[in-house]
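# Examination of the molecular architecture
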Amino acid sequence: MVVKNICCLGAGYVGGPTCSVIASKCPEIKVTVVDKSVTRIAQWNSEKLPIYEPGLDEIVKARRGKNLFFSNNIEKAILEADLIFISVNTPTKTFGNGKGRAADLKYVEGAARMIADIAKSNKIVVEKSTVPVRAAESIMNILKANNEPGVSYQILSNPEFLAEGTAIQDLMHPDRVLIGGEETPEGQLAIEELCSIYEHWIPRKSILTTNTWSSELSKLAANAMLAQRISSINSLSAVCEATGADVSEVAVAIGLDSRIGPKFLQASIGFGGSCFQKDILNLVYICESLSLPEVAAYWQQVIDMNEYQKTRFTAKVVQSLFNTVSGKNITLLGFAFKKNTGDTRESPAIHVAKTLLDEGASLNIYDPKVEESQILYDLTHPSICESPEEVKKLVKIYPDAYSATNGAHAVVICTEWDEFVTLDYREIYRSMMKPAYIFDGRKILDHEELINIGFHVQTIGKRLPRPLSTRMWSGTAVV
Ligand code: UDX
Ligand code: ADP
């Protein structure tokens with residue numbers, strides 16, 4: 001079989017960009033991305049795509065209606081497809097056994113059942129969503145138990161390693177593509193089919209084939225190890241602040257050791273995003289289920305350190321503002337979990353906002369790509385607040401950084417958007433209450449310049465001097 005028709009179940013952050021790039025690199029293959037959500041598909045077919053990702057608009061515009069289609073007609077797409085990607089969401093369970101840790105596989109299971117109900121011919125089913133190890137087995141069991149006579153399936157694991165904000169770049173030039181399948185001749189043939197799609201633009205040597213379980217575990221392991229680096233450097237940022245070392249200097253110094261390498265050593269207010277926390281919790285849960293409590297505790301510590309970092313940073317904000325933020329106006333610049341995305345899943349900004357709201361602060365929030373409705377949705381979620389009405393009174397969303405900072409007591413940088421680096425901070429200082437504070441949770445600003453302007457500045461992993469005026473007044477050289 002040569003794959004001519006691809007269907008992707010789930011038009012989210014993974015399915016949308018991945019299939020757009022496949023359509024662009026394989027013009028002879030028809031790629032149909034389907035979703036249960038009518039709104040989401042309408043957005044994919046509109047001028048304003050449902051997700052912001054640099055370079056995505058251009059690709060979608062070039063291929064949409066030619067060999068790239070977005071549709072709610074799931075049945076038709078499954079019937080036509082030779083190969084089906086499952087890119088549905090796998091959130092952390094919010095109830096029952098494994099609550100708060102295990103992956104909720106109801107959407108994956110739902111997708112498998114849909115395929116089993118609809119398919120009338122052989123299919124290669126590719127698991128793209130991050131799933132616990134041995135999830136492919138569950139998909140296989142569902143498909144085998146429900147299939148039409150004469151219809152056979154091959155299940156492959158092909159985890160996606162793209163990071164949001166650089167998704168198109170990551171898909172065009174991946175470090176590697178990983179494909180796991182059964183070690184049977186049929187399994188190997190299916191692996192070859194999927195390889196041949198990627199070989200349109202990726203050299204064969206960068207396509208790694210493994211057994212299914214190695215592939216599934218590698219995805220969880222890659223995310224756990226990346227997050228572990230961030231928690232490691234964040235733990236050291238606390239030591240830096242206590243000793244006078246500078247975490248950025250430490251990161252450069254250790255990153256130059258080629259065994260360690262320079263990437264993912266940016267100390268921050270903590271990692272966010274839809275993957276890291278979810279995947280580590282999932283790994284922890286699997287380890288516990290396998291009676292490996294020591295391994296579970298080891299990985300849990302990566303999450304605990306992340307919580308500590310978020311809490312530590314926010315406590316510093318409150319403490320600096322004379323231990324009370326009640327009735328004060330605090331501006332959050334950035335709400336997304338990182339720059340170049342409008343995604344707020346597990347964003348550390350949510351933690352910062354919640355703590356400040358609990359302390360009675362009023363918040364002004366500006367993010368270049370996150371919609372007002374999303375911010376209010378996140379902050380009025382039952383897990384965040386008891387009184388949505390109160391939150392709506394205390395939170396105001398602004399269309400730009402200048403209006404958001406006007407009259408504020410303090411500015412907190414939560415996301416490292418480039419535009420925050422080049423703002424006119426003299427102008428911002430003039431319009432703020434005095435003393436004016438900036439808390440740079442992403443280490444992106446020119447702290448010396450801000451201090452010269454008159455700001456009190458705090459950042460991660462480095463002690464900074466107070467503004468000149470207060471130093472002359474107190475007559476001390478300071479911390
Ligand atoms: C991650 C993985 O990188 C990707 O391979 C996987 O497919 C999905 O999960 P993503 O969550 O989109 O991607 O973003 P990533 O760039 O990994 O950043 C995650 C979080 O870590 C962000 O909140 C980011 O700000 C933070 N981070 C990253 C740091 O705090 N310091 C760093 O040095 C790097
Ligand atoms: P991810 O970040 O993993 O891509 P998203 O939540 O952005 O996750 O996207 C997952 C998408 O999958 C959602 O748009 C959801 O509506 C869709 N979805 C879930 N179950 C099904 C299903 N059985 N068939 C089609 N789409 C589905």
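Rules used throughout
- Residues numbered from 1 in each chain as written.
- Chains lettered and ligands numbered in written order.
- Predicted model: local features only at pLDDT ≥ 70, side-chain atom pairs only at ≥ 80, totals over all residues.
- Heavy atoms only, no water.
- UniProt positions renumbered as here; feature names shortened; annotations may be inferred.
- 1 Å grid on protein atoms, 1.4 Å probe; cavity = no way out; pocket = protein on both sides within 12 Å on 5 of 7 lines; lining within 4 Å.
- Points joined across faces, edges and corners; volume = space filled by probe spheres on them.
- Nonpolar A, V, L, I, M, F, W, Y, C, P; charged D, E, K, R; others polar.
- Helix = DSSP H or I, 4+ residues; strand = E, 2+ residues; numbered from the N terminus.
- Core = buried A, V, L, I, M, F, W, Y, C linked by side-chain atoms within 4.5 Å.
- Buried < 20%, exposed > 50% of the residue type's maximum accessible area, 1.4 Å probe, protein only.
- Near = heavy atom within 4 Å.
- Polar contact = N/O pair within 3.5 Å; in protein donor to acceptor, adjacent residues only side chain to side chain.
- Areas by Shrake-Rupley, 256 points an atom, 1.4 Å probe, with all protein chains shown as cover.
- Phe/Tyr/Trp six-rings, centres within 6.5 Å; stacked < 30°, edge-to-face > 60°.
- Lys NZ or Arg CZ within 6 Å of the ring centre and 35° of its normal.

- Looking at an unreviewed UniProt entry, one finds the protein chain named UDP-glucose 6-dehydrogenase, with Agrilus planipennis as its source organism.
- According to the UniProt record, the Function (unreviewed entry) comment for the protein chain reads "Involved in the biosynthesis of glycosaminoglycans; hyaluronan, chondroitin sulfate, and heparan sulfate."
- The record in UniProt for the protein chain states the following under Sequence similarities (unreviewed entry): "Belongs to the UDP-glucose/GDP-mannose dehydrogenase family."

## Re empty space enclosed by the protein
- Here the structure, examined in full by the defined rule, presents two cavities of 30 Å³ or more.
- The volume enclosed by the largest cavity comes to roughly 40 Å³.
- Of the residues assigned to the lining of the largest cavity, the class counts are two nonpolar, three polar and four charged.
- Per element, the largest residue contribution to the lining of the second largest cavity is four residues, and it comes from helix 12 (residues 293-320).
- In terms of residue class, the lining of the second largest cavity is built from two nonpolar, one polar and three charged.

## A word on the nonpolar core
- Within the largest apolar cluster, 60 residues are counted, with the highest numbers of intra-cluster contacts made by Ile330, Leu356, Leu379, Tyr425 and Phe455.
- For this core, the element with the most residues is helix 13 (residues 348-358), which contributes six residues.
- With 43 residues, the next largest nonpolar core counts Val33, Leu56, Ile124 and Ile179 among its residues.

## Side note on the site of ligand 2
- As a structural note, the neighbourhood of ligand 2 is formed by 15 residues, with Tyr13, Val14, Asp35, Arg40 and Arg345 the closest of them.
- The backbone of Lys36 places a nitrogen or oxygen atom 3.4 Å from a nitrogen atom of ligand 2.
- The side chain of Arg40 places a nitrogen or oxygen atom 3.0 Å from an oxygen atom of ligand 2.
- When ligand 2 sits alone it has 590 Å² of accessible area, and the protein chains cover 88% of it.
- Each residue belonging to the shell around ligand 2 can be placed in one class, and the counts come to seven nonpolar, four polar and four charged.

## A closer look at the site of ligand 1
- The local shell around ligand 1 holds 20 residues, among which Phe161, Glu164, Ser268, Lys338 and Arg442 are the closest.
- Separating an oxygen atom of ligand 1 from a side-chain N or O atom of Ser268 is a distance of 2.6 Å.
- The fraction of the free accessible surface of ligand 1 (670 Å²) that becomes covered by protein chains is 91%.
- Taken together, the residues of the shell around ligand 1 break down into eleven nonpolar, four polar and five charged.

## Some details on the packing of aromatic side chains
- With the rule as written, the count across this model stands at ten aromatic pairs.
- Relative to Phe439, the ring of Tyr437 has its centre 6.0 Å away and its plane inclined at 5 degrees; by these criteria the two rings are stacked. With respect to burial, Tyr437 and Phe439 carry one shared label: buried.
- An aromatic cluster is defined as three or more aromatic residues linked by ring pairs; in this entry it consists of Phe264, Phe271 and Phe276.
- Across from the ring centre of Trp213, 4.1 Å away, lies the NZ or CZ of Arg134, which sits over that ring.

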